[in-house]
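Working through the structure, step by step
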Amino acid sequence: MISRWLKYLLMSYLLYYSTYTITAEPITQVVEDNAPIIFTDQKQEKRYLELAEELRCLVCQNQNLIDSNSGLAHDLRQEVARLVKQGQDKKAVKDFMVARYGDFILYQPPLKPVTYLLWVGPFVLMIIALLLLVWNIKKRSKENNRDTTAILSEADKQHLNILLKAKNK
Amino acid sequence: MKMVYFIPMGIFIALSALLLFGLSNDPRRVPSPLINKPVPTFSLSTVEDQNKIFSSKELTGQVALVNIWASWCRSCRAEHAILERLAGKGIPIYGINYKDNLADAKNWLQRYGNPYRKSAYDVQGKIGIEWGAYGTPETFIIDTQGIIRYKHIGPISKEDMDNIILPVIARLRTL
């Protein structure tokens, strides 16, 4: 009964999402201009490579500009190379990209009010977990160290003796 | 039963709710930093006539749509009828023809109709980058001051037109 109900639920969910097939089209056009990007200055080349690694391809969202083969990634690589060749530093190039595409283009999100939770969250969770652990260990060690000999009252002892005698008979 | 035993269940339900909420989000919809900023400047020849210039300066003085399109983009074909309807309502629509072949773009307009007042021919995609384009079609709503007020990513459906595009245009016109 429940499994059938779950099946319907899952199916309706899939159907619902399958209606969303027409969406924004990723820019995947192949570009004719495939000239390699060449630097004469090694420092610039290093800067370019670092940037292409730290910037995200927006079409294939889990790839950086270096890894991606999409048309947009190609164009953005050319743009990064152009800016680096102009002598712009890494921050200037990143600012240029963020002004157009937003923070999302950065693999490492910037530290600002919207992202505080993102940056601090894991540490807060870790501290909570550690506190819980310490609390738990203390509670247990307290239970283990309790003086068990003092617990029985005179009346209890007599009662116990009677029981033991009865058993040993 | 101790209340403590409900804590893992509570955590599980909260996590499920969070993940379910995540499913309804579209990761392709990246918020644009261009909202409430002036339109990026450009000056390009038009698709219709290579001798004519379309400059971003023309995008002030009226509430208008700027639509980034291409003949190779199937989703642009899907929203084309909606753009025609918006143009029919007298809403000025300007196009940025993105990384296209000029002959293909001209053919496309001839075949399906041209809802655009003008289309800038951005063959290298440089202007697309200026506008932060990453998936065609993309549609921007510009106010009378030439400030970008809204960005729609992907094709505009009839619901989008009725529930978002037209109300936003109406609101901007009253400002």
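Here goes a summary of the coordinates provided.

The rules behind the values
Residues numbered from 1 in each chain as written. Chains lettered and ligands numbered in written order. Predicted model: local features only at pLDDT ≥ 70, side-chain atom pairs only at ≥ 80, totals over all residues. Heavy atoms only, no water. Core = buried A, V, L, I, M, F, W, Y, C linked by side-chain atoms within 4.5 Å. Buried < 20%, exposed > 50% of the residue type's maximum accessible area, 1.4 Å probe, protein only. Contact = heavy atoms within 4.5 Å. Salt bridge = Lys/Arg side-chain N within 4 Å of Asp/Glu carboxyl O. Helix = DSSP H or I, 4+ residues; strand = E, 2+ residues; numbered from the N terminus. Patch = residues over 30% accessible without salt bridge, like charges linked within 9 Å, V, L, I, M, F, W, Y side chains within 5 Å. Areas by Shrake-Rupley, 256 points an atom, 1.4 Å probe, with all protein chains shown as cover.

A look at the nonpolar core
Membership of the largest hydrophobic core comes to 72 residues, with the highest contact counts inside it found for Leu76(A), Val80(A), Ile105(A), Leu86(B) and Trp131(B). Excluding residues that lie within four positions of it along the chain, Trp131(B) makes contacts with Leu34(B), Val39(B), Pro40(B), Phe42(B), Leu59(B), Val66(B), Ile68(B), Ile96(B), Phe140(B), Ile142(B), Ile148(B) and Lys151(B).

Looking at the pattern of salt bridges
Residues and elements named next belong to chain A. All chains considered together, the criterion is met by 14 salt bridges over all chains. Note that Lys90 and Glu54 form a salt bridge whose closest N and O atoms lie 3.1 Å from each other. Placement of the pair is Lys90 in helix H4 (residues 90-101) and Glu54 in helix H2 (residues 42-54), with a sequence separation of 36 residues. The exposure class of Lys90 is partly exposed, given its relative accessible area of 24%. The closest approach of N and O atoms between Glu79 and Arg82, which form a salt bridge, is 2.6 Å. Taken together, the residues Glu79 and Arg82, both in helix H3 (residues 71-85) and three residues apart, mark about one turn of the helix. On the basis of relative accessible area, Glu79 is assigned to the buried category, the value being 4%. Three or more residues joined by partner-sharing salt bridges are found here, namely Lys46, Glu50, Glu54, Lys90 and Lys94.

A short note on a nonpolar patch on the surface
Residue and element names in this part refer to chain A. On the surface, a cluster of nonpolar side chains totalling about 1000 Å² of accessible area is made up of Leu111, Tyr116, Leu118, Trp119, Val120, Val124, Leu125, Ile128, Leu132 and Trp135. Take Trp119: it is sitting in helix H5 (residues 116-145). Given the relative accessible area of 33%, Trp119 is considered partly exposed.

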